[in-house]
Amino acid sequence: MAQGAGLLGADGQTAPTIFAEMSALAELTGAVNLGQGFPDEDGPAEVLEVARRAIADGANQYPPGRGILDLRTAIAEHQQRFYGLNLDPHREVVVTAGATEAIAAALLALVDGPDDEVVVFEPYYDSYAACVALAGARLVPVPLRWPDFQPDADLLEEAVTDRTRIILVNDPHNPTGTVLGAEVREQIVRLAQRHDALIVTDDVYEHLIFDEPHVPIASLPGAAERTLTISSGGKTFSTTGWKIGWAAGPAHLVDAVLAVKQFLTYVSGGPFQPAIAAGLRLPESFFTGVAAALRAKRDLLGAGLREAGFDVSRPAGSYFTVADAAPVGATDAAAFCRDLPDRVGVVAIPITAFVSAAHRDRFATLVRFAACKRVEVIREAAARLQRLA
Ligand SMILES: *Cc1c(COP(=O)(O)O)cnc(C)c1O
């Protein structure tokens, strides 16, 4: 394994991520930042209030390694209420430092070494490739096709083999906003069964979905016993800075995550755990409300991008919309995004930041815009983008 699992630059320095680079550009130029995916408004007041009260009431020391029982119970209740999944909060749920730690711990715990492969859909969330590298395994990317970002069934079939240890699925998907088709979810389960692979799902956008309710892969017939479901309160409750995530599934998989997690952070977010528990117990109207608000923002952003001359992919979930900048003259999305703050005062992220080096050409002119911002911010960005024409 290369030093730092290849995560360091050639000079041994940490390479700044594209997100840090673009946010710095936004600050420097005063551009509207539709780059990084975090909301610019607070989440539900009652959830914030529970955290404040928990601090005042002294919930300020190490919580239990698996997370406080009230949160694990709320997670199990949530999986039952929304998806009909039965989980034992004592054995089948673990609380983590965000979905990020759950993903890292799962990959480190469940992958054995250089002969193990992890299949992901490409473009992929940037921590996947980094954690697969840290685990010393091989990343096998399956491309998603513009403009609907569904995978090709034959390519998925080819990618999953007896070497596959994990199929890692993010649905709804960052960065494309796609929601996998029912036939794709079923194919994933079939392939995992045929090749005795595990399925790890990253469901952080489970409630930010626009057309139909989320279907976790663990709820498909034959899937639960080989699926670890990961999610987080960050996106649902607009608390991305709290880093309260979880992993749920068969006890042996949860135990494996816990075994690694205890040496990463051990525990985290004491006073935020009861707050996310309260969030997960909010009435239906809260969950439909956040989806409806984000759907309206997606529509506003999509219309602005189309008017500005982009070809736009219509996302079915997540914070994001992907647009093709070729019709507005781009040949390289990374260069386009570096120029965009100076040209029109908007920051966005090139999709090439989420793909393997070998596949950059396939996604060369695609750009990700975040819709999780206040309506006036999206309006202003859309107005500025009209200047591209
Ligand atoms: C934001 C995000 C995460 C990280 O979740 P945290 O709970 O903040 O760690 C993981 N996966 C995807 C796809 C995300 O967009």
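Residues numbered from 1 in each chain as written. Predicted model: local features only at pLDDT ≥ 70, side-chain atom pairs only at ≥ 80, totals over all residues. Heavy atoms only, no water.

### Quick look at the site of the ligand
Which entries qualify depends on this criterion: Throughout, near means a residue has at least one heavy atom within 4 Å of the molecule or strand. For accessible areas, the Shrake-Rupley method is used with a probe of radius 1.4 Å. Any residue's cover is judged against the shown protein chains and nothing else. Each helix corresponds to a stretch of at least 4 residues labelled H or I by DSSP, and each strand to a stretch of at least 2 residues labelled E; elements are numbered beginning at the N terminus.
Residues in close proximity to the ligand include Gly 98, Ala 99, Thr 100, Tyr 125, Asn 170, Asn 174, Asp 202, Val 204, Tyr 205, Ser 232, Lys 235 and Lys 243, which together make up its full environment. Considering the ligand on its own, with 390 Å² of exposed area, one finds that the protein chains cover 94% of that surface. In terms of residue count, helix α4 (residues 98-110) provides more of the shell around the ligand than any other element does, three residues in total.

### Focus on the sheet that holds strand β10 (residues 311-312)
Selection criterion: Pairing between strands is defined by DSSP: at least two bridges between the two strands are required. Two residues qualify as a contact provided that any one of their heavy atoms is within 4.5 Å of a heavy atom in the partner residue. Geometry is summarised by axes, namely lines fitted to C-alpha atoms with helices restricted to the contacting stretch, and by angles between N-to-C directions that run from 0 to 180 degrees.
Within the open sheet, the four strands sit side by side as β10-β11-β14-β13. Their pairing is antiparallel. The open sheet has two edge strands, β10 and β13 (349-350), and neither has a second partner. Two elements, strand β11 (residues 320-324) and strand β14 (residues 366-370), share five bridges in a ladder whose sense is antiparallel. Bridge pairing in β14 places Ala 323 opposite Val 367. Against the sheet, helix α11 (residues 284-307) engages β10, β11 and β14, with an angle of about 15° to β11.

### Observations regarding the sheet that holds strand β2 (residues 93-97)
Taken in spatial order, the eight strands of this open sheet run β2-β9-β8-β7-β6-β3-β4-β5, and their pairing is mixed. Across the chains shown, the open sheet's two edge strands, defined by having one partner strand only, are β2 and β5 (150-151). Of the pairings in the sheet, the one linking strand β6 (residues 164-170) to strand β7 (residues 198-202) comprises five bridges and is parallel in character. The partner of Leu 168 across the bridge, within β7, is Val 200. This element, helix α5 (residues 126-134), spans β3 (117-122), β4 (138-145), β6 and β7 of the sheet and lies at about 160° to β4.

### Brief notes about the packing of α4 against α5
Filter applied, for reference: Note on convention: near helix rotated counterclockwise from far helix by under a right angle means a left-handed crossing. Clockwise means right-handed. Think of it as three bins: nonpolar holds Ala, Val, Leu, Ile, Met, Phe, Trp, Tyr, Cys and Pro, charged holds Asp, Glu, Lys and Arg, and polar takes everything else, Gly as well.
Their axes nearest at 9 Å, the elements α4 and α5 cross at an angle of 30°. Considering the relative orientation of α4 and α5, their crossing is right-handed. The residues of α5 that touch α4, namely those facing Ile 103, Ala 104, Leu 107 and Leu 108, are Ser 127, Tyr 128, Cys 131, Val 132 and Leu 134. Partitioned by chemical class, the residues of the contact of α4 with α5 number eight nonpolar, one polar and no charged.

### Quick notes on the pattern of salt bridges
Heads up, the rule is: Here, a salt bridge means any side-chain nitrogen of Lys or Arg that lies within 4 Å of a carboxyl oxygen of Asp or Glu. Partly exposed describes any residue whose relative accessible area lies between the buried limit of under 20% and the exposed limit of over 50%, with all areas from a 1.4 Å probe on protein chains only and scaled to the type maximum.
Following the criterion strictly, the structure yields 18 salt bridges and no others. Between Glu 117 and Arg 163 there is a salt bridge; the shortest N-O distance is 3.1 Å. Taken together, the positions of Glu 117 in strand β3 and Arg 163 in the loop between α6 (153-159) and β6 put the pair 46 residues apart, joining distant regions of the chain. Across the pair Asp 299 and Arg 298 runs a salt bridge whose closest N-O atoms are separated by 3.0 Å. Overall, the relative accessible area of 40% leaves Asp 299 in the partly exposed class.

### Here's the deal with unusual backbone geometry
The peptide bond linking Glu 122 to Pro 123 adopts the cis configuration, its omega dihedral lying at 5°. Tracing the sequence through the fold places Pro 123 in the loop between β3 and α5. Between Trp 146 and the following residue, Pro 147, the backbone shows a cis peptide bond with an omega angle of 0°. Its place among the elements puts Pro 147 in the loop between β4 and β5. Although it is not a glycine, Asp 196 adopts a positive phi angle of roughly 50°. Within the secondary structure, Asp 196 is located in the loop between α7 (182-194) and β7. Phi at Tyr 266 is positive, roughly 65°, even though this residue is not glycine. Within the secondary structure, Tyr 266 is located in the loop between α9 (251-261) and α10 (272-280).

### Details of the packing of aromatic side chains
Defined as follows: A pair of aromatic rings is counted whenever rings of Phe, Tyr or Trp (Trp by its six-membered ring) have centres within 6.5 Å, and the orientation is called stacked for planes under 30 degrees apart, edge-to-face for over 60 and tilted otherwise.
A complete count under the given rule lists 15 aromatic pairs for this structure. Taken together, a centroid distance of 5.5 Å and an interplanar angle of 15° make the contact between Phe 237 and Phe 286 stacked. Placement of Phe 237 in the loop between α8 (233-236) and β9 (244-248) and of Phe 286 in helix α11 is noted, with a sequence separation of 49 residues between them. Seen in terms of ring centroids, Tyr 319 and Phe 320 are 6.0 Å apart; in terms of plane orientation they differ by 75°. Their pairing is edge-to-face. Each member of the pair Tyr 319 and Phe 320 is classed as buried. One aromatic cluster is present, formed by Phe 82, Tyr 83, Phe 237, Phe 286 and Phe 287 through successive ring pairs.

### Some details on the UniProt feature "domain: Aminotransferase class I/classII large" (unreviewed entry) in the protein
Quick note on the threshold: UniProt positions are given in the numbering used here, feature names are shortened, and annotations may be inferred rather than shown by experiment.
The UniProt entry lists residues 32-384 under the feature "domain: Aminotransferase class I/classII large" (unreviewed entry), expressed in the numbering used here. Between the C-alpha atoms that bound residues 32-384 the distance is 9 Å, and the span itself is 39% helix and 18% strand.

### Observations regarding α4
One turn of an α-helix holds 3.6 residues; hence residues three or four places apart share an orientation. To be explicit about the condition: Between the first and last residue of a helix there are one fewer steps than residues, each counted as 1.5 Å, and that sum is the expected span.
Here α4 spans 18 Å end to end across 13 residues, near enough to the 18 Å set by a 1.5 Å rise per residue. Among the 13 residues in α4, 10 count as buried, and that is most of the element. Every buried residue belonging to α4 is among Gly 98, Ala 99, Glu 101, Ala 102, Ile 103, Ala 104, Ala 105, Ala 106, Leu 107 and Leu 110, and all of these are buried.

### Some points on a nonpolar patch on the surface
Counted only if it meets this: Note that patches include only residues with greater than 30% relative accessible area and no salt bridge, and the join distances are 9 Å for like charges and 5 Å for nonpolar side chains (Val, Leu, Ile, Met, Phe, Trp, Tyr).
Taken together, the side chains of Leu 108, Leu 134 and Leu 264 make up a nonpolar region of the molecular surface, amounting to roughly 240 Å² of accessible area. Residue placement: Leu 134 occurs in helix α5.

### Describing the environment of Asp 162
To keep it simple, the criterion reads: Polar contacts, as counted here, are pairs of nitrogen or oxygen atoms within 3.5 Å of one another; within protein the pair requires one atom able to donate a hydrogen and one able to accept it, and residues that are adjacent in sequence qualify only if both atoms are side-chain atoms.
Along the chain, Asp 162 falls in the loop between α6 and β6. Placed 30 residues apart in sequence, Asp 162 and Ala 192 show a C-alpha to C-alpha distance of 9.4 Å. A distance of 2.8 Å separates the side chain of Asp 162 from the side chain of His 195, its partner in a polar contact.

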